[in-house]
Amino acid sequence: VQGRFRHGGDHVLMSEAPTLHTVLVYGTLRPGTGPVRSVSGYICDLGAFPGAKLLDESEGRSFVCEEIEVDDAGLARLDRYEGYRSSDPAGSLYIRVQMDCGAWLYKYNHNMDGKQVVPGGDWLAYINKTSGSAAGLGGNSRSVLSMEA
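The present account deals with the structure reproduced in this document.

Conventions adopted
Residues numbered from 1 in each chain as written. Predicted model: local features only at pLDDT ≥ 70, side-chain atom pairs only at ≥ 80, totals over all residues. Heavy atoms only, no water. Buried < 20%, exposed > 50% of the residue type's maximum accessible area, 1.4 Å probe, protein only. Helix = DSSP H or I, 4+ residues; strand = E, 2+ residues; numbered from the N terminus. Arc of directions from axis to C-beta. Contact = heavy atoms within 4.5 Å. Polar contact = N/O pair within 3.5 Å; in protein donor to acceptor, adjacent residues only side chain to side chain. Phe/Tyr/Trp six-rings, centres within 6.5 Å; stacked < 30°, edge-to-face > 60°.

1. A closer look at helix H2 (residues 123-131)
- Within the sequence span of H2, burial applies to Trp123, Leu124, Tyr126 and Ile127. The buried residues of H2 occupy an angular sector of 160° when projected down its axis, which confines them to one face.
- Buried residues along H2 sit in contact with strand E4 (36-45), strand E5 (50-54), strand E6 (62-70) and strand E9 (116-117).
- For H2, the N-terminal cap is Asp122; the gap from its side-chain oxygen to the backbone nitrogen of Leu124 is 3.1 Å.

2. Digging into the packing of aromatic side chains
- A full pass over the atoms with the stated rule returns 4 aromatic pairs.
- Relative to Tyr108, the ring of Tyr94 lies with its centre 5.4 Å away and its plane at 70°, an arrangement referred to as edge-to-face. Of this pair, Tyr94 sits in strand E7 (residues 94-98) while Tyr108 sits in strand E8 (residues 104-108), placing them 14 residues apart in sequence.
- Given the relative accessible area of 18%, Tyr108 is considered buried.
- With centroids separated by 5.7 Å and ring planes inclined at 40°, the aromatic side chains of Trp123 and Tyr126 adopt a geometry described as tilted. A residue pair is termed a helical-turn pair when its members lie 3 or 4 positions apart in one helix, as Trp123 and Tyr126 do in helix H2 at 3 residues. Both residues of the pair, Trp123 and Tyr126, count as buried.

Now the structure itself:
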């Protein structure tokens, strides 16, 4: 975002700070080091990654997310990584939704019936327990966000 201001008799172009977006990540993008937040719903094991289903708080189920911040270009890269197309939400793998807290979250856009619900709603704990190792798990947000726009 840019603006102009008048300094003396000259117009000077001034750049504003880039817009930052908070994104709640719960699966392969979790760095394992960010601020943690609980979200009403559950996540399922879809194989190499999880999918989230959002629920009303009254249902008493929740899953673990971490907050990351991205600029506009980073949000566009996350959209591509998550298979989200704003022009075709119905055909998207995940849908980007804005939560009550103002942060974005990618919820799975397909049926998860019959899929394993992640116990405790913590993908990193679940994957570390089922694989027996934390090597190479989580922390994918850095590599995704460094992809070309």
